[in-house]
Amino acid sequence: MCFLLVNWFFPLLWTTVFIKLGNCTILDSKPSPTPHTFRFQHTQKCLRNEFYNLNYFQCSPCNEPGDGDTKELQPTADKFGCHCPIGYISVFEKSKRWPTCKEICSNATKSSGNCTEIQLPSTQCSFQYLNSSTSGSIVLAKTNSGSNISDCHSCNAAYNFHYQDYCIANTLLQPYLHYNAFWQTTIKLKSSSPSRLHFGDLKFVAFFCLALRNDSACQELANLCVLSHYSLDKHSPCSPFLLTQMSDVAIKYAHAGEQLRALEPFLFYKKGRATRELLTTTLHLANQTELQIFSTTYDLAGRLKRWGPLHLEQLNLCPAQKAPTLGLEQQHQPELSCQLSLEQLIDFASRDGNDNYHNLYLNFSSNWSYLLHQLPVLIETLTAENQRSQEEEWQLVKRFQLISAHPRDNRMHPILPLYEDAHKLQLYRSLRYVDRVELKYNVQAGRRLGLPLLQLSYRHIEITGNASLTQLYPFRLRVRFEQLHQNGTAKLFLELALPLLLFLAFVAALLRLQNLRRRRRAELCQTINLLELLLQLAANVALALLITGLLLLALQACMPQRLAVLIYPACLLQLIFLAVHLRRASQLELFLIDWERPRSSCEGQRLNLDSSSLCSSVRTYVAESSVSAWRILFTANAWIRLSCAQRYSSLVQAFVVIAAYQLLQHYGKFQSLSYCLISAVYVATYLMQLMLLRVLQSNPLQKFVDLCSLANISLFSLLEPGYGYYIHGRSPHGFADTDMSSMILQLQREAQNMCGRRGLLIDSDKQSYIILPPRNLRIYLDRLLLPFQRSRDGSMSQTLLYQKEPQISSIDGQVERTSIAYASVNRFFCAFIDHAIKDMDYIIKEKTLTEKLFNCEIENYLTENKGTFYIDDALSFSRVLLLGNHLHIFVLEILVLLSIYLLTSSLLLGVAIACALNMLIRHIFKRWVRRNVSRKTLIDERFLL
């Protein structure tokens, strides 16, 4: 068995080794992956026989081993390439990077036979000649091979192409003539006569780059690709780079005659998983406080113009503003923004347009070596995928320009003189400039930094006949830092915590719907119940989204873009819920039960403090009543004031959050924690106000209950046909319409327990109840209100009830019917509360712990003729007031604040809108309650505050 394994193992091992060696040595058979990190070496360290490779930032020998006979190659004057010395001709072969230098025969070398016999010209030549040899290679010589004499001044256009000082044989350019088909559309005046920009020398540049492997030509070809805005056309200058640097598009962009090799310089990153891995790459920084970015700049011809440290001023188009810095200690610096006129853009294009192409590298050290990591560039306007959040779909590039200009052909148009500013509008047909530059860093804990990403957005400007030099265009520059290690936490919360909260929100909405269904005595699948489910679900989902966002902010694991996805929908849902909820709460059925009776009807009793309010018995009294109406008016106005009162002050919220933010920003530079800081201070201020007001201020709800007792008026309200609230305000003294001395004496007797108790039960002070009235109560109540409904439908105004001198005698009957209806309703409620109606009664009980916890009624003993009154120590009637909805209002405020801050980055504007929203809610709710009180209690609005 072991012998068989050995016999199989060694052949497999050697096969694997040969495959690996084959993949490494045969460069042209398969596109090699483009490198991203380079070990930097200065040009001064290059030896005499070495050139400096700008694509790798290192010195390389001209005479590389295994590259043929290249011993005669010498570095060029600028050290950026190799060439054959004087006295040699250059022979370019497809399999070799550099040309083979063949010596021209002279008297000394002619006898050796290892030289090429060419008759050298005696004067300075005008052309260099490129022809193909019999072996298929390309020969560069100083003499025209088609001439019998030493001619170097003529180039026959019938058989050659003339480009710069080269005379190129037609057969050599045949594989590259397809580049003539590339046209870049700029503007279209008419569909039949489009105006286009033609890259006329593109075929020559492609020939020198792809066939002769000229580094400057390849750099120029890369610049033309950038100038075309990374055109994906098959014949564009980007096609050879796409072909060799992106394996997924190699077949699409392949063309007959082109070599499949790793073309330099490097322009593109591969899509898919490679992009995600690139953006999550982390680097070790030797100096955390200073970030160094190295940049290279090329002109259009491919010549290096500058290299050195990058200063953001080089990317700043705003003339009078200072660009932000790159230091880690100054994270979240303010965004630089300005408006540029068209004249400024034209001047900038005239100075730098089409001739500055930039590459950026992160300069860092690792293992005592200086390394350059090329920065990826995301051009958001390049493709639709680049505007999405899926990083795997992004097409990242490595080179960019700030502005490009498409010149105008003015040969057919009159030209304005140069001293007129308007002549600038005749220079270009269109401009493309970068209107947003954002350098984003991913920072990890410790001394690790994620690879920066440069995000660019371009704007295209058509300079038409109605263009003006004063037209303004925006520009923004920003440096942004993000915590890379927080992505896992944010993802965990979004994948686990958020679904759990949403599930709880749905369960809570279902429980709420079931409880409302029982209160409304309706079927589950009715439309109104389904709408109620959606409404409750909207509130619960908004709260779940807010809680998720606050937790992410507390853990510093949420970016503004991700926070916006949570906050914006939550704000909209909460606004819808609160509007519907407050509108419905303000329109509840409200009845003020007056227990006061005219004391003249109680024979033999005058100012008797022990008299009962039942002494008058419960009977109708309309015409000759001596009971004052001011108690009703006073109680109604107190209810209106209580309805718009709040448990906290939004102005205090605004002052504290602005003061805290400015203070911490000034001393601590907490800009990177701005969202967390604003949320934390706003929530803490809200909780602090609730605690302080609970300790320092008396309960306004209990004050209103006490006021009802002093006024001898009870409040009976129905939020649903089978659910409402009751405040028992019957005075234990029997009457309240008295003078001040009698009222003070009543309060003293009550304090000394010398009279009855205020509660509905004997020897009880429980005055607030949650009620589930008998099912017949609403039917009987509607029957009593029928005369009032008829009088109102007959255009009877409520104000006539309080007019002293009616102008129309025909309405006396309507007033009387309305008064009788109101008195009948009052008598009905008095009898119902006193258990005086035989077929309609109720019981009083306390809620269980489960019922209090879930705000429901399980054992209610509810029938057609019997209801249930639950003792309400928590004063739950506040739920129909702003006091009981303070949490919903606060949630809406903080959502609005965060939404505005996310949109505008202005805390002052966000706080102002949140305060204005709070004031608007109070004003609208007060108007709703005021109208409802007037309509339900028959009180003229002129008596309401």
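Residues numbered from 1 in each chain as written. Predicted model: local features only at pLDDT ≥ 70, side-chain atom pairs only at ≥ 80, totals over all residues. Heavy atoms only, no water.

1. So, the overall build of the protein
What the protein contains, in helices and strands, is 22 helices and 31 strands. Taken across its 945 residues, the protein has 48% of its residues classed as buried. Sequence-distant contacts in the protein: of pairs separated by 6 or more residues, those separated by 24 or more amount to 69%. Carbon together with sulfur atoms contributes 57% to the accessible area of the protein, which is approximately 47,700 Å² in total. (Helix = DSSP H or I, 4+ residues; strand = E, 2+ residues; numbered from the N terminus. Buried < 20%, exposed > 50% of the residue type's maximum accessible area, 1.4 Å probe, protein only. Contact = heavy atoms within 4.5 Å. Areas by Shrake-Rupley, 256 points an atom, 1.4 Å probe, with all protein chains shown as cover.)

2. Topic: the packing of helix α21 (residues 886-904) against helix α22 (residues 907-937)
Their axes nearest at 8 Å, the elements α21 and α22 cross at an angle of 150°. Compared by their axis directions, α21 and α22 come out roughly antiparallel. The element α21 and its partner α22 pack so that their crossing is right-handed. Between α21 and α22, the contacting residues are Ile889, Leu892, Glu893, Val896, Leu897, Ile900, Tyr901 and Thr904 on the first element and Leu907, Leu909, Gly910, Val911, Ile913, Ala914, Leu917, Asn918 and Ile921 on the second. (Axes fitted to C-alpha atoms, helices over the stretch in contact; angles between N-to-C directions. Parallel < 35°, antiparallel > 145°, perpendicular 65-115°, else oblique. Left-handed = near helix turned anticlockwise from the far one by under 90°.)

3. What to know about the packing of helix α10 (residues 527-554) against helix α11 (residues 560-586)
As a packed pair, α10 and α11 sit with axes 8 Å apart at the nearest point and diverge in direction by 140°. In this structure, the crossing between α10 and α11 has a hand that is left-handed. Considering only residue class, the contact of α10 with α11 consists of 18 nonpolar, four polar and two charged. (Nonpolar A, V, L, I, M, F, W, Y, C, P; charged D, E, K, R; others polar.)

4. Some remarks on the side chain of histidine 728
With respect to the secondary-structure elements, histidine 728 resides in the loop between β28 (723-727) and α16 (740-751). Side chain to side chain, histidine 728 and tyrosine 726 meet in a polar contact 2.7 Å long. Setting aside chain neighbours within four positions, we find histidine 728 in contact with Trp595, Ser709, Ser714, Arg758, Gly759, Leu760, Gln767 and Ile833. (Polar contact = N/O pair within 3.5 Å; in protein donor to acceptor, adjacent residues only side chain to side chain.)

5. Observations regarding helix α12 (residues 630-643)
Relative to the 20 Å expected for 14 residues at 1.5 Å per residue, α12 spans 20 Å between its end C-alpha atoms, a close match to the ideal helical length. Among the 14 residues in α12, eleven count as buried, and that is most of the element. All buried positions along α12 are accounted for by Arg631, Ile632, Leu633, Thr635, Ala636, Asn637, Ala638, Trp639, Ile640, Leu642 and Ser643. (Expected span 1.5 Å × (residues − 1).)

6. Some details on the pattern of salt bridges
This model, assessed by the stated rule, comprises 25 salt bridges. Put simply, glutamate 343 and lysine 424 hold a salt bridge, and the shortest N to O gap is 3.0 Å. Pair noted here: glutamate 343 is in helix α8 (residues 342-352) and lysine 424 is in the loop between β21 (403-407) and β22 (428-443), with a separation of 81 residues, a long-range link. Residue glutamate 343 is classed as partly exposed on the basis of its relative accessible area of 24%. (Salt bridge = Lys/Arg side-chain N within 4 Å of Asp/Glu carboxyl O.)

7. A word on the UniProt feature "transmembrane region" (unreviewed entry) in the protein
UniProt marks residues 492-513, 533-557, 563-582, 670-693 and 907-925 with the feature "transmembrane region" (unreviewed entry), using the numbering shown here. As annotated, residues 563-582 has a helix share of 100% and a strand share of 0%, and its two end C-alpha atoms lie 28 Å apart. As annotated, residues 907-925 has a helix share of 100% and a strand share of 0%, and its two end C-alpha atoms lie 27 Å apart. (UniProt positions renumbered as here; feature names shortened; annotations may be inferred.)

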